[in-house]
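Coordinate inspection notes
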Amino acid sequence: MSYSNETDTELESTDQRTMNYGKEKVAVYRTYANPLEGVRTIPESSFDGRDNILFGLEVRVQFEGEEFLPSFSEADNSKVVATDSMKNFVLHQAGEYEGATAEGFLHFVGTEFLKTYPHVEAVKMSAKEYPFDQRMVPGDDGFEPSDLVFRVSDDESAFGEVFLERKEDDSRIKEQTSGITGIELVKVKGNSFTGYVQDEYTTLPEREDRALYISLDIFWTYSDPEDALGEEPQRYVPAEQVRDIAQVVFHEVDSNSIQDLIYQIGLRVLERYSQLESVSFEANNRTWIEVREDLEGDAKVLREPPRPTGYQQFSMDRSDLEE
Ligand SMILES: O=c1[nH]c(=O)c2[nH]c(=O)[nH]c2[nH]1
């Protein structure tokens, strides 16, 4: 009996063990990928598709599988796919992918990994997009976006993650997340912060109006993760549209806090896309500090905020729409 107990304990601890490895920061660029066409448009955004003339991703690959245990515990590399080979695999597949989205590409490469290496039990693929802007050049009807020259931008970037696990002879999506990270927005007035706890630790003055500067990452999941791949463009949620919802809601809503603002953005995202299951936020407060309040009208002079910084994390699902 004691033997079987020991085995149980051992199994339990093995189940909970963290064991994975992979390659990250794999930069891959693809020109003239297939365009993303046929997405649904929404009132908050002019985005209706992407040419994909230039497509750049920083990819992360993570392999999981019990057969990797000897590589850690016995220095036995016989099952180890070198992470350098993973990088080469990702780069090669960028030429094979025929779809038009980052999530679709990650799913494609993950599926190919599982097909190629039968001892890999699960693969998690994630990526952040390198943003490029088409530059405006003079054309026949005034300025138009160049189809040749792009600005390497430090704008917000789309994010995708697809976690695939092997199921019999096939694979299935265990988890999927999409997102947009690095949104930075300033609204010069129409933001208050009042009504918070006042006690012996409170030094912050209540503000009926402040210039609010936020940085924001937004993530979403679909009820059916297959919708994230973009094969049915009508059901795909483009990161550009979610970014635009965030800025339009910021423009429209007089918020009393960042908490209030992100909730309003979340409601709008869930309203616009019935195919989404959840939306979540990571916000940071970068609000500038007023140094002069004696100027005429709404004018202010402001300076950078000192450290430390405040943050908010919040997730919502469709039940929030009912309230
Ligand atoms: O929008 C805000 N939420 C807070 O929780 C907070 N706390 C703080 O000092 N400033 C702000 N602003």
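Calculation notes
- Residues numbered from 1 in each chain as written.
- Predicted model: local features only at pLDDT ≥ 70, side-chain atom pairs only at ≥ 80, totals over all residues.
- Heavy atoms only, no water.
- Helix = DSSP H or I, 4+ residues; strand = E, 2+ residues; numbered from the N terminus.
- Buried < 20%, exposed > 50% of the residue type's maximum accessible area, 1.4 Å probe, protein only.
- Contact = heavy atoms within 4.5 Å.
- Areas by Shrake-Rupley, 256 points an atom, 1.4 Å probe, with all protein chains shown as cover.
- Lys, Arg positive; Asp, Glu negative; His and termini not counted.
- Charge placed at Lys NZ, Arg CZ, Asp CG, Glu CD.
- Salt bridge = Lys/Arg side-chain N within 4 Å of Asp/Glu carboxyl O.
- Pairing = 2+ DSSP bridges.
- Axes fitted to C-alpha atoms, helices over the stretch in contact; angles between N-to-C directions.
- Near = heavy atom within 4 Å.
- Polar contact = N/O pair within 3.5 Å; in protein donor to acceptor, adjacent residues only side chain to side chain.
- 1 Å grid on protein atoms, 1.4 Å probe; cavity = no way out; pocket = protein on both sides within 12 Å on 5 of 7 lines; lining within 4 Å.
- Sits in = over half its atoms within 2 Å of the grid points.
- Nonpolar A, V, L, I, M, F, W, Y, C, P; charged D, E, K, R; others polar.

1. Remarks on the overall build of the protein chain
Along the backbone of the protein chain there are 6 helices and 12 strands. Taking the principal axes of its C-alpha atoms as reference, the protein chain extends roughly 75 × 70 × 40 Å. Among the 323 residues that make up the protein chain, the fraction classed as buried is 41%. In the protein chain, once contacts between residues fewer than 6 apart in sequence are set aside, the share between residues at least 24 apart is 69%. Element-wise, carbon and sulfur atoms account for 46% of the exposed surface of the protein chain, whose accessible area totals about 18300 Å². Separation of charge centres in the protein chain, based on 32 positive and 67 negative side chains, amounts to 4 Å.

2. Remarks on the pattern of salt bridges
By the definition in use, this model includes 21 salt bridges. As a salt-bridge pair, Arg 243 and Glu 156 come within 3.6 Å of each other at their nearest N and O atoms. Linking Arg 243 in helix H5 (residues 239–252) with Glu 156 in the loop between strand E5 (142–152) and strand E6 (157–167), this pair joins segments that are 87 residues apart in sequence. For Arg 243, a relative accessible area of 21% gives the class partly exposed. Here Asp 294 and Arg 292 are joined by a salt bridge, their closest N and O atoms 2.9 Å apart. Residue Asp 294 is classed as exposed on the basis of its relative accessible area of 56%. By relative accessible area, Arg 292 is classed as partly exposed at 39%. Salt bridges linked by common partners bring Glu 44, Glu 252, Arg 268 and Arg 272 together as one network.

3. Let's talk about the sheet that holds strand E9 (residues 276–285)
Each strand in a sheet pairs with its neighbour through backbone hydrogen bonds, running either in the same direction (parallel) or in the opposite one (antiparallel). The strand order E1-E2-E3-E6-E7-E8-E9-E12 describes an open sheet built from 8 strands, whose pairing is antiparallel. Edge positions in the open sheet fall to strand E1 (21–31) and strand E12 (311–317), since each of these has one partner strand only. When the angles between neighbouring strand axes are averaged without regard to direction, this sheet yields 15°. Bridge count for E6 against strand E7 (residues 170–187) is 11 bridges, and the pairing is antiparallel. Bridge pairing in E7 places Leu 164 opposite Ile 173. Packed onto the sheet, helix H6 (residues 258–272) meets strand E8 (212–222), E9 and E12 and runs at close to 155° relative to E9.

4. A few points about the site of the ligand
Neighbouring the ligand are Phe 193, Leu 204, Arg 210, Ser 257, Ile 258, Gln 259, Asn 285 and Gln 312. Here an oxygen atom of the ligand and a backbone polar atom of Ile 258 are 2.7 Å apart. One nitrogen or oxygen atom from the side chain of Asn 285 is found 3.4 Å from a nitrogen atom belonging to the ligand. With the chains in place, 69% of the 290 Å² that the ligand exposes on its own is no longer accessible. Because more than half of its atoms lie within 2 Å of the grid, the ligand is assigned to the second largest pocket. Its residues assigned to classes, the shell around the ligand shows 3 nonpolar, 4 polar and 1 charged.

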